[in-house]
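Next come the chains, spelled out residue by residue.
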Amino acid sequence: MDPSPIDSSRYRQGVLKIQTDVSVTLARQNVSLQKVLALVPGSMLIFDKHYAEPLLLEAAGHPIATGETVKVGDKFGIRILQLVQPTEE
């Protein structure tokens, strides 16, 4: 049985109300477990990424945008610079 357009519209509205985790990634690298276990307060990990390179904004693990760091009061945020084209899976 096909849903009516009203039911379809309600469904879409309901889906758009779903909340998901978003994360901002500064940099990533593969590190051995030996190095991870050696970390102590004061340890530093150095990444190959330049500090001015864009951050990556992800929703539910999927990249959606890149942006730059902005200060908002005593917190930080991300200013969107470019949307990322979704990939089909």
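Above this text is the structure in question.
Along each chain, numbering runs from 1 in the same order as the chain's sequence is written. Where local features are concerned, this predicted model is filtered to residues with pLDDT of at least 70; where side-chain atom pairs are given and counted, the filter is 80 or more; whole-chain, interface and lining totals use all residues. With hydrogens and water excluded, all non-hydrogen atoms of the structure serve as input to the side-chain values.

(A) Representation of the pairing of strand 2 (residues 55–59) in the model. With respect to burial, strand 2 is a largely interior element, four of its five residues being buried. Should DSSP find at least two bridges between two strands, the strands are taken to pair. Strands here mean DSSP runs of E at least two residues long; helices mean DSSP runs of H or I at least four residues long; both are numbered from the N terminus. For strand 1 (residues 22–25) and strand 2, the ladder comprises four bridges, and the chain directions are antiparallel. From the neighbouring strand, V22 faces strand 2, where its bridge partner is A59. Bridge count between strand 2 and strand 3 (residues 62–72): five bridges; the pairing is antiparallel. Across the sheet, L57 pairs through a bridge with A65, a residue of strand 3. Each residue gets one of three labels from its accessible area relative to the maximum for its type: buried under 20%, exposed over 50%, partly exposed in between, using a 1.4 Å probe on protein chains only.

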